[in-house]
Each structure stands twice: as C-alpha cells, then as structure tokens.
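Structural description and commentary
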Amino acid sequence: MGFEKNQIYTVTIEDIGAEGEGIGKIEGFSLFVKDALPGDVAKVKLTKVRKNYAFARLEEIIKPSPGRVEPCCPVSRQCGGCQIQALSYGKQLAFKQSKVENNLVRIGGFEPEMIREIMEPIIGMESPWRYRNKAQYPFGCSKDGTPVTGFYAGRTHVIIPNTDCLLGARENKRILDTILKHMRQYQVAAYDEGTGQGLVRHVLVRKGFFTEELMVCIVVNAPGGRKREWIPEQNRLLDRLALLPGMTSISINFNTENTNVIMGKETCTIWGRDKIRDRLHLLQADGDDFIKTDRSIIYEISPRSFYQVNSTQAERLYSTALSYAELTGGETVWDLYCGIGTISLFLSFGAKQVYGVEVIPEAIEDARENARKNGITNVKFFEGKAEEVLPEFYGRAGEGETDMRHPDVIVVDPPRKGCDEVTLETILKMQPERVVYVSCDSATLARDLKILCEGGYELKRGRVCDQFCHSVHIECVCLMTRKEK
C-alpha cells in the first residue's frame, strides 16, 4: 500500500508517543496522530509521510476511547502544553507508569517480571490542577495590534491567548491582566520576533506555594541598566502590581538577543525583595500515602533559580529519594546536579556529610545561602561540572578525604540528557553502597542504569512521580545497590 500526503484513513489508536501523540497502524505502517488517544477509532488525514511512518491530523473521532474526557481548558487542543488533558487522570497515571517500565525493559535490558516486582505505585495528585509554581508567558500582538499573552501553540511561536492556565496559580491571571491593561493604556508595545521591535518579551511569575509569596519578572527588549524606567509610567504599574496579595518581588530582566532563550544575563529588582521563599516539608511514607513531619526547609528562589515547578509533588519526590538513600546518620553523600540544594538539604537530615555539585554559579550561591539560612552545617557545595568535580576528588590521595573518595551514597538528578559518561565511570570507581537516581527522562534513566548494572550494581526499587500532570513528562527515582563480590 502506498501512503501519500492528504490521504484519509480510519485507524484504531493503540498507544501514546513520546510527545503525547496517539499511535495507530495500518498494515504495519505507523501513524502518529496529535490529539488522538489509545482506544480512539478515528478518521485521520496524513500530513507528512516518511519511509516507515507518517504524521496525521485528527479529522473525526468515530468511536471515542473509554478513557477520553472533556478537557477542562477551552484552548487545550490549540495550546498543546497539556498533551494528554483529554485522557482521564487515572489513565494518565497508568500510561506514565507503563512508559517508564517499558523504557527500563526496552532500553535498560531489564526483565519485565523484575521491573514489575520492584516498581512501586506511581505518586499521583489528589487534585491535578493549579499545581505549577512557575510560569513563563510570551507576549505578542493580536491581528489588530493589541498586546496579548498566553502560550505558544505546539511546535510554533504562535501565541494562543490565555491568561488563566488551569495548571498555574490563580494569581497569574490578575498579574497578567494588570500588565496587559497597563500596556494598552500607555501604548507599550509587545515584542515582535520578526522585526526585533517592541518592548515586553515575556513575563515570568513564580509563587511560593507554602508561603504564598509572589514574584514577577518582566523580560524587556532593552539594554541593561539600573537607572532608566523601561516601561512608560512604570511606577503606576508597580503600584498596581504591589497591591496584589502576596506580591513580594518585582524585577526587570534585559534581553536584546535574537534568540529563543527567554531571559537575558542581567536582572534588576525594582520593587520588594530580590527573591521569594518556599517551604518544603519532609514527608514520611505511609503505604502509598505520605504524612507530613515537623521537619522542613525554606528555600530562597530568584528569577533564574531551578526549582521543581510542582511544590506538592517535589516534597513527595525528595522524601522518596531520601528514604531510598537509607541514611542512618553516619553516611557521606555526594549529590550531583544539585541545583539550589533542594535534594542536598533533604539529605542533610539523615547524613553525616553531604557534598553538592552544580555547574551554574547562581545556583551554587543560592544553595549555600539556603543552607546558611536553615542552619544546616553538614552540607558543602562545589561549583563545576559533575564530570569534572567528581573525578578531581576521586583522584586525590590526601588524608582526611577518604570519605569523599569513597562515599556511602551518591545521588544524581541530571538534566534530560542524563549523566555524562565520565560521571558514571567515576561513580563505578568510587563504589558507593547505594546510588539514588532521580530522573526527568526515563529513556536516559534506563540507559544509565544499564551502565551501572554492568559495572556491578543492582536495581532494587523504583517509583514514578507525576510532577507534570496532564503532560507526558514524568519524574522517577530509582535505587541501585552494589552487588557483593
């Protein structure tokens, strides 16, 4: 059978792809269909045809999937940020659990029976809405020239107007509406990617979910400088924003580059504090549930800080990682890719000494400040790449550094690309008793776990955490233990 663009077929959707697209087959030929769900019988139109597969557009749902629900967001299909919002939440959790397990089997080479045995139930949310503590809104113009903001449609830079994303904090709408009203009133132009003209590029909003402190950072197309007022009648805008409950920090970020990178290098606080705070609690596992303990950590967060966007699930994720580390109070721990010290400070509750490594200088400064403000003295942070810092310490032979060269536990929380090969090699040389791997990409997780297993480790426990409800993304934590020789 020859397949060509614009042909229409009826197909049964059998699976979900990496980007949330439905996958169906016609005589073994795979079709990737945006907005289709497993169980749908749908009429689709081919849009791009390759040798062994094709992309298709959903034309009509002939028979809906049993898991299909009406999306709560009116622009969910256009926006594309919530790739699987039309799938019931229970089915979303089942899909994510299956996705991780399948990658561990297919890429990691683990036996299916073993994976089913060691994987614990996925950590879902009771209410999977309004969970994001951070949102970055691009600004542009409508066809009539009016400033608008929202989110880009999938794989485009076309803004779908929306000031009330149902994943974000309720406060976002009032903040964005206030800024848009000011821009319209004083003819403040939004940035135009095509011409490079216009002032307001993005607005970043952050919320401390447990402190209810708010931060607004306006990214402007202007050269850096602390004395000029970049927005006409800027003080009027500040007065309006400052009146909003919880407002703690307002800043301007300067970005004149012709780039997709949202923030420039210079940020200037123009009202309130430079940072906001959030508090994460240590949780105690109680079966499949979690109980809040009296231990907690306050984190200071700047506009550029990396901080998990789902505070509620971050508590559960980090508490799970700490439980996997099995600390008794006498252990030395390395925490690689430590960011602002979120996991490191949790580990400090149970370890003798924790060493954190992070390549971003601002994050290390935040990590050290977070430790100081929480009165935590058994954590030390190093700036640099994990693949450079770890081998450097392993290569030292000085007295008093044995614990650093041969730690009891190593925790890694790498970016989506996974751990560097040198980092994995050094972990195997250091031979910690346990390796706790926190991952945001189950494919690279499976690849790296396979390397560790080939080097003498055994996969013992694993748990998926639904950190990004209604999207295809996940977080996962796994425990590896060293095999006895």
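Further up the page is the structure itself.
This section reports on the structure supplied with the text. (Residues numbered from 1 in each chain as written. Predicted model: local features only at pLDDT ≥ 70, side-chain atom pairs only at ≥ 80, totals over all residues. Heavy atoms only, no water.)

Side note on the layout of surface pockets
Here is the rule: Cavities and pockets are defined on a 1 Å grid built over the protein atoms alone: a cavity is a set of grid points where a 1.4 Å probe fits but cannot escape, while a pocket is an open set with protein on both sides within 12 Å along at least five of seven lines, and lining residues are those with an atom within 4 Å of any such point. Grid points are joined across faces, edges and corners, and a volume is the space filled by probe spheres set on the points. Per the convention used, a helix needs a DSSP run of H or I reaching at least four residues, while a strand needs a run of E reaching at least two, with both numbered from the N terminus. Basically, the charged four are Asp, Glu, Lys and Arg, the nonpolar ten are Ala, Val, Leu, Ile, Met, Phe, Trp, Tyr, Cys and Pro, and anything else, Gly included, counts as polar.
Quantified by volume, the second largest pocket comes out at close to 560 Å³. Considering the residues around the second largest pocket, the lining is formed by 26 residues, among which Ile16, Gly17, Ala18, Phe95 and Lys99 are closest to the centre. Among the secondary structure elements, those contributing two or more residues to the lining of the second largest pocket are β1 (8-16), α2 (89-106) and α12 (442-454). In terms of residue count, α2 provides more of the lining of the second largest pocket than any other element does, 7 residues in total. Considering only residue class, the lining of the second largest pocket consists of 10 nonpolar, 8 polar and 8 charged.

Focus: the sheet that holds strand β17 (residues 353-358)
Our working rule: For two strands to be treated as a pair, DSSP must find at least two bridges joining them. In this analysis, axes come from line fits to C-alpha atoms, helices being fitted only over the stretch in contact, and the angle between any two N-to-C directions falls in the range 0 to 180 degrees. Any two residues whose heavy atoms approach within 4.5 Å are treated as being in contact.
Reading across from one edge, β6-β21-β22-β20-β19-β16-β17-β18 is the order of the 8 strands in this open sheet, with mixed pairing throughout. Each edge of the open sheet is held by one strand with a lone partner, namely β6 (119-123) and β18 (379-383). Strand-to-strand twist of the sheet, defined as the mean angle between neighbouring strand axes without regard to direction, takes the value 15°. Bridge count for strand β19 (residues 409-412) against strand β20 (residues 434-439) is 4 bridges, and the pairing is parallel. The residue of β20 that forms the bridge with Val409 is Arg434. Across the sheet, helix α8 (residues 361-373) is in contact with β17 and β18; its angle to β18 comes to roughly 170°.

Brief notes about empty space enclosed by the protein
Overall, the coordinates contain 1 cavity of 30 Å³ or more when judged by the stated rule. The computed volume of the largest cavity comes to approximately 30 Å³. Residue lining of the largest cavity: Ile218, Ile231, Gln234, Leu237, Leu238, Leu241, Ile250, Ile252 and Ile270, and that is the complete set. For the lining of the largest cavity, the secondary structure elements donating two or more residues are α5 (234-242) and β12 (247-254).

With respect to the packing of aromatic side chains
Where we set the bar: Stacked, edge-to-face and tilted labels apply to pairs of Phe, Tyr and Trp rings (six-membered ring for Trp) whose centres lie within 6.5 Å, assigned for plane angles under 30 degrees, over 60, and everything in between, in that order. Each residue is placed in one exposure class: buried if its accessible area under a 1.4 Å probe, protein chains only, is under 20% of its type's maximum, exposed if it is over 50%, and partly exposed if it falls in between.
Under the criterion given, the structure shown has 14 aromatic pairs. When the centroid spacing of 5.8 Å and the interplanar angle of 90° are considered together, the rings of Phe32 and Tyr53 count as edge-to-face. Of this pair, Phe32 sits in strand β3 (residues 29-34) while Tyr53 sits in strand β5 (residues 53-63), and the two are 21 residues apart along the sequence. Tyr53 sits in the partly exposed class, given a relative accessible area of 31%. Ring geometry for Tyr299 against Tyr307: centres 6.0 Å apart, planes inclined by 55°, an arrangement best described as tilted. Among the residues examined, Tyr299 registers a relative accessible area of 0% and is labelled buried. Look at Tyr307 and you get buried, because its relative accessible area is 5%.

What about the packing of helix α9 (residues 386-395) against helix α11 (residues 421-430)?
Our working rule: Here the angle decides the label: under 35 degrees means roughly parallel, over 145 means roughly antiparallel, 65 to 115 means roughly perpendicular, and every other value means oblique. Handedness of a helix crossing follows the sense of rotation of the near helix relative to the far helix, less than a right angle counterclockwise being left-handed and clockwise being right-handed.
Where α9 contacts α11, the two axes come as close as 8 Å, and the packing angle between them is 25°. Regarding the angle of α9 to α11, the classification is roughly parallel. In this structure, the crossing between α9 and α11 has a hand that is left-handed. Seen from α9, the contacting residues are Ala386, Glu387, Leu390, Pro391 and Tyr394; seen from α11, they are Val422, Thr423, Thr426, Ile427, Lys429 and Met430. Of the residues contributing to the contact of α9 with α11, the split by class is 7 nonpolar, 2 polar and 2 charged.

Topic: the packing of helix α4 (residues 171-185) against α5
Where α4 meets α5, the axes come as close as 10 Å, and the angle between the chain directions of the two elements is 160°. Considered as vectors, α4 and α5 are oriented roughly antiparallel to each other. As α4 runs across α5, the sense of the crossing is right-handed. Each of Ile175, Thr178, Ile179, His182 and Gln185 in α4 lies in contact with α5, whose residues at this interface are Arg236, Leu237, Arg240 and Leu241. For the contact of α4 with α5, the per-class residue count stands at 4 nonpolar, 3 polar and 2 charged.

Thoughts on the nonpolar core
Basically, it comes down to this: Among the buried residues, those of types Ala, Val, Leu, Ile, Met, Phe, Trp, Tyr and Cys that are joined through side-chain atoms within 4.5 Å form a nonpolar core.
Core analysis: the largest hydrophobic core is formed by 80 residues, its most contacted members being Phe139, Ile179, Ile218, Trp334, Leu336 and Leu449. Setting aside anything within four residues of it in sequence, one finds Leu336 in contact with Val357, Ala386, Leu390, Ile410, Val411, Val412, Asp413, Thr423 and Ile427.

Looking at the pairing of strand β7 (residues 134-141)
Most of β7 sits out of view: 6 of its 8 residues are buried. When β7 meets strand β10 (residues 200-207), the two strands line up antiparallel, connected through 5 bridges. The residue bridging Gln136 from the neighbouring strand is Leu204, located in β10. In the sheet, β7 pairs with strand β8 (residues 147-152) via 3 bridges, with the strands oriented antiparallel. Each bridged residue has a counterpart across the sheet, and for Cys141 the counterpart in β8 is Pro147. Hairpin connection of β7 to β8: 5 residues between the antiparallel strands, including Gly145 at a positive phi of 90°.

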